[in-house]
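Overview (structure and organization)
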Amino acid sequence: MSTAAIDVTGLRKRFGDHTVIDDIDLTVHRGEVFALLGPNGAGKTTSINILTTLTQADSGTATIAGFDVRTQPVAVQQRISLTGQSAAVDDALSATENVVMFARLSGLSVRAARRRASELLDRFGLSDAASRRVRTYSGGMRRRLDLALSFVVTPEVLFLDEPTTGLDTRSRRDLWQLIRSLADAGTTVFLTTQYLEEADQLADRIAVLNDGRITAVGSAAELKSRIGGDTVEVHDELGGLLRSVPTDGTVTGLRTALDQLDAQGAEGTVTLRRPTLDDVFLALTEPDISRTGALVGAAPVQESAE
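Rules behind the numbers
Residues numbered from 1 in each chain as written. Predicted model: local features only at pLDDT ≥ 70, side-chain atom pairs only at ≥ 80, totals over all residues. Heavy atoms only, no water. Helix = DSSP H or I, 4+ residues; strand = E, 2+ residues; numbered from the N terminus. Contact = heavy atoms within 4.5 Å. 1 Å grid on protein atoms, 1.4 Å probe; cavity = no way out; pocket = protein on both sides within 12 Å on 5 of 7 lines; lining within 4 Å. Points joined across faces, edges and corners; volume = space filled by probe spheres on them. Nonpolar A, V, L, I, M, F, W, Y, C, P; charged D, E, K, R; others polar. Polar contact = N/O pair within 3.5 Å; in protein donor to acceptor, adjacent residues only side chain to side chain.

Details of the environment of A5
Checked against the element boundaries, A5 lands in strand 1 (residues 4-15). Sequence spacing of A5 and G31 is 26 residues, and the spatial spacing of their C-alpha atoms is 8.0 Å. Leave out the neighbours within four places in its chain, and A5 touches V28, H29, R30, T63, I64, A65, V157 and T188.

Concerning the layout of surface pockets
The calculated volume of the largest pocket comes to roughly 460 Å³. Lining the largest pocket are 20 residues; nearest its centre among them are I80, S81, L82, L149 and S150. Listing elements by their share of the lining of the largest pocket, those giving two or more residues are strand 6 (80-83), helix 3 (95-105) and helix 5 (139-150). Here the lining of the largest pocket takes four residues from strand 6, the largest share from any one element. Tallied by class, residues from the lining of the largest pocket come to ten nonpolar, nine polar and one charged.

Brief notes about empty space enclosed by the protein
With a probe scaled to a water molecule rolled over the atoms, the places where space remains empty come into view. Inspection of every chain in the model, using the stated rule, returns three cavities of 30 Å³ or more. By volume, the largest cavity amounts to about 50 Å³. Residue lining of the largest cavity: V8, L11, I24, L26, L36, S47, L51, F190, L209 and I214, and that is the complete set. The residue inventory of the lining of the largest cavity, partitioned by class, reads nine nonpolar, one polar and no charged.

Thoughts on the side chain of R205
Relative to the helices and strands, R205 is located in strand 9 (residues 205-210). At 2.8 Å, the side chain of R205 and the side chain of E32 are in polar contact. Apart from residues lying up to four places away in sequence, R205 is in contact with T27, V28, H29, E32, V33, F34, A35, V217, G218 and S219.

Set out below in structure tokens:
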């Protein structure tokens, strides 16, 4: 049995004169959390729309759980769930009524639908608010209900298109914990996000999408290592950077760096700085980098729009 939950080769999509997706290759393994990062207009939502059969690619192939999204769309749809950027729930209904309705539409009997609603609302921490109208819910509660609806029939692959947009910090972190628990239970999670901390916390692997092309793929640690190692920095009292010395992060390396700074007469606050996903994102999506491919050997890219 293949370990690939998602397999993409040579995927392309144009809208008019704009090349939105330009020759994408991706493999997502079963049971992993895979994050697709990119600036607005990079092609993230278009990629999800193609993989979930909502849009057809102009060329290339994509399979979900071994089924082709173009030639076997029904089989793909039976194995996936999609949670978009806005909660797809009925505000006039209660949480229980929303889940029961989705369950009935999925073919469950009345008794099975009610049982499933009770199970899911408990799993997603909404039991105490099950009878409340959804219009009274907070943003975080609405997103949890939206995820619960995606699990009326447990999917093999869950697509999350910027799932925490608009949520406060606490709600976002609660949802991260929930998403991780879903992956730990065996569901493959494919998410797009503009929150770099979200990808850093959740994803087993990350792809950076820029102007319709994948510029890098790897774990957060692997991507950070591409743009350099640790540095010892000296800052003035206002936080301005005065001196910076590279180090390998070992005790010996730190001592050597500090000796160099001391020999240079540097005075101020000393910090150890490690590359972040912010650094990776900026390095891989800067226009001059994406054109030259200086970091990842990418070919020149065209302007695109989402």
